[in-house]
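# Remarks on the overall topology
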Amino acid sequence: MMNTIKTHGWLYLNTPKNCRALASLLIASVLSVATAACTTSTTNTQNATETTPMSTATTATETQFMSINDRQIAYRSIGEGAPLLLINRFRGTLDTWDPAFIGSLAESRKVIIMDYPGIGYSEGTLSLDAKEVAADVKRFAEQLALGKVDLLGWSYGGLIAQYVAFLHPDTVHKVVLVGTNPPGKPEVPMEQAFQQHALKPAYALEDYTVLFFEPKSESSRAAAKASMERYWEKVDHSKVPGTMEMFQRYIGGMRGVMADADDLRKEFATTEVPMLVLMGDHDISFAVENWFPLVREAPKMQLVVFPEAGHAPHFQYPTMSAAYIDGFLR
């Protein structure tokens, strides 16, 4: 049986394995949704995976294009309702989102996914400056006439989503950050395992497991296999960035965020944009510990930590992650 204990504005989710998901739930409505989501998923959390009912609409519609600065930017959408714009990870394309997660999100809102300029199906070149990438996301949202939009950024995309929120707050309603770092030098750096696996031209199941899940956990390894089987064969791998030249473009943007010359990290103390951070308890790319110094300094931030999970907690726990996100965005 899972116990839920509210203490000083935080929700602690305690399992028999002493794993705990940690969430700064500052409003009662979000607290009730998050508690309900976790209470109904007790067995799943204990097993560190989910038995995921596949939605009848688990894949996005056909690829569409939008012209931004004379570049054709590719995007897809699925679902109806308030828009949620997804911003992708290092090497991610339109094809590389787990359909179980996308389908769960799309049950309550319109989910829009895009490829950065020069990545995947989009024309152009990925900027070395995260500010410019954030500006492209802003232009994309404006051209779709989304108004104040909700953003979800994963990994590298989480860095970009923060830049959009801090530099263009009038564009953003709420932000969900998954498997990412705040701006500034991280206290816990990337692990060597990331470099060993992330820069390979193509990923096998073992690479996928090490990069995005918790390989020491049998149930997490099983979740990795299930996730990969849901979509990997449908990925157009010719569109996935696989050269060192392309990797350096991402790395250039990440270095700028780490340098944080504009001290955007301080914006957490004053921003009016609510932020939900979803992390695995062992992320070899962006460690959850890098968020801990901000816990008392970011009144608009909520933090949820998933047990026995890595860089893709939303792929390991797609329905539970979607429940947290839906409650937060309501």
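Data block above holds the structure.
As the structure is a prediction and not an experimental result, all values here were calculated from the model.

Moving on to unusual backbone geometry. For Asp263, which is not glycine, the phi dihedral falls at a positive 55°. Tracing the sequence through the fold places Asp263 in the loop between helix 9 (244-259) and strand 10 (275-280). Classification of Asp263 as partly exposed rests on a relative accessible area of 38%. In this structure, Glu308 is a non-glycine residue whose phi angle is positive, near 50°. Residue position: Glu308 is located in the loop between strand 11 (301-306) and helix 10 (313-316). The buried category is assigned to Glu308, whose relative accessible area is 15%.

As a further point, take the packing of aromatic side chains. Tallied over the full model, the rule gives 20 aromatic pairs. An angle of 80° between the planes, with centres 5.3 Å apart, marks the rings of Tyr75 and Phe140 as edge-to-face. With Tyr75 in strand 5 (residues 71-78) and Phe140 in helix 4 (residues 130-143), this residue pair connects regions lying 65 residues apart in the sequence. Given a relative accessible area of 0%, Phe140 falls into the buried group.

A separate point is the sheet that holds strand 10. The strand order across the open sheet formed by 8 strands is 4-5-7-6-8-9-10-11, and the pairing between neighbours is mixed. Every interior strand has two partners, whereas the edge strands, strand 4 (64-68) and strand 11, have only one. Taken pair by pair, the neighbouring strands of this sheet meet at an average axis angle of 25°, ignoring direction. Where helix 5 (residues 156-167) meets the sheet, its contacts fall on strand 6 (83-87), strand 8 (149-154), strand 9 (172-178) and strand 10, and the angle it forms with strand 8 comes to roughly 145°. Along the sheet, helix 11 (residues 318-329) contacts strand 6, strand 8, strand 9, strand 10 and strand 11; its crossing angle with strand 10, the most-contacted strand, is approximately 165°.

Parameters and conventions
Residues numbered from 1 in each chain as written. Predicted model: local features only at pLDDT ≥ 70, side-chain atom pairs only at ≥ 80, totals over all residues. Heavy atoms only, no water. Helix = DSSP H or I, 4+ residues; strand = E, 2+ residues; numbered from the N terminus. Buried < 20%, exposed > 50% of the residue type's maximum accessible area, 1.4 Å probe, protein only. Phe/Tyr/Trp six-rings, centres within 6.5 Å; stacked < 30°, edge-to-face > 60°. Pairing = 2+ DSSP bridges. Axes fitted to C-alpha atoms, helices over the stretch in contact; angles between N-to-C directions. Contact = heavy atoms within 4.5 Å.

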